[in-house]
Amino acid sequence: MTSYVQFTADEIIDCLLDTLTAPEDFFELAMYYDSFVQASKEITEYFRNSYNQTIQFLRTENIKSDIYEVVEKFNENKVVDKAKLKAENPDVYYSAVHIKGSDAAKILGSAELYKAVVNKIGKERAARYEHVNVDDMDIYLHPVEGAAYLKEDGRSKGFFIEVKESADLV
């Protein structure tokens, strides 16, 4: 017989909501739920670290149990044995081999990669993929001069509840 109890998310939520009184004001209720979101991130990190430390302890101390065992599991991803394919079937190897775009950018640099794309598809078609980031622009322009070429991105980060500066909190 074991003393291990597995909790469900619903049980933990019920326990928290039964223990902590929710505010009636909807703005405060939103902030109340947000505090759960923020706390749950820290709680998750705490328990993940505790789990990993316990597994590491069981392994390093070689602790055995009649009921449990530590089992290493692996992803079931298939990868090509490049050396074998190259040696046994070089035509297929050289037809299929490529370099990832992110690796090509690291090797060639973004400027050389841009030139290669323009050479391949032309400047007009390449224009839809063009990108200039602030750090790259700052190499060529003083930040004060470059500020004239900056604009707000405008992507929403979501909705948040904030206390108004003019609010009189009791």
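Keep in mind it's a predicted model, so treat the numbers as computed, not measured. (Residues numbered from 1 in each chain as written. Predicted model: local features only at pLDDT ≥ 70, side-chain atom pairs only at ≥ 80, totals over all residues. Heavy atoms only, no water.)

Draft legend 1. Highlighting helix α2 (residues 26–60). Here α2 contains 35 residues, and its C-alpha end-to-end distance of 50 Å stays within 8% of the 51 Å for a straight helix at 1.5 Å per residue. N-cap assignment for α2: the residue whose side-chain oxygen lies 2.9 Å from the backbone N of Phe 27 is Asp 25. Positive phi shows up at Asn 62, right after α2, with a value of about 55°. (Helix = DSSP H or I, 4+ residues; strand = E, 2+ residues; numbered from the N terminus. Expected span 1.5 Å × (residues − 1). Polar contact = N/O pair within 3.5 Å; in protein donor to acceptor, adjacent residues only side chain to side chain.)

Draft legend 2. Spotlight on the packing of aromatic side chains. Counted according to the given criterion, the structure contains four aromatic pairs. Between Tyr 32 and Phe 36 the ring centres are 4.9 Å apart and the planes differ by 90°, which places this aromatic pair in the edge-to-face class. Here Tyr 32 pairs with Phe 36, and both are found in helix α2, just four residues apart, close to one helical turn. Plain terms: the ring middles of Tyr 93 and Tyr 94 are 5.0 Å apart, the flat faces sit at 90° to each other, and that makes the pair edge-to-face. (Phe/Tyr/Trp six-rings, centres within 6.5 Å; stacked < 30°, edge-to-face > 60°.)

Draft legend 3. Spotlight on the environment of Asp 81. Structurally, the position occupied by Asp 81 is in the loop between α2 and α3 (82–88). The class for Asp 81 is partly exposed, based on a relative accessible area of 46%. Residues Asp 81 and Ala 126, spaced 45 residues apart in sequence, show a C-alpha to C-alpha distance of 35 Å. Engagement of the side chain of Asp 81 in a polar contact is seen with the backbone nitrogen of Lys 84, the distance being 3.1 Å. (Buried < 20%, exposed > 50% of the residue type's maximum accessible area, 1.4 Å probe, protein only.)

Draft legend 4. View of the pattern of salt bridges. Under the defined criterion, the tally for this structure stands at three salt bridges. With a shortest N-O distance of 3.9 Å, Asp 103 and Lys 106 are connected by a salt bridge. Of this pair, Asp 103 and Lys 106 both sit in helix α5 (residues 101–108), three residues apart, which is roughly one turn of that helix. Judged by its relative accessible area of 30%, Asp 103 is partly exposed. With relative accessibility at 67%, the residue Lys 106 sits in the exposed group. For Lys 115, the salt bridge is made with Glu 112, and the minimal N-O distance between the two is 3.4 Å. Linking Lys 115 with Glu 112, this pair stays in helix α6 (residues 110–121), spanning three residues, or about one helical turn. A relative accessible area of 47% means that Lys 115 is categorised as partly exposed. Judged by its relative accessible area of 41%, Glu 112 is partly exposed. (Salt bridge = Lys/Arg side-chain N within 4 Å of Asp/Glu carboxyl O.)

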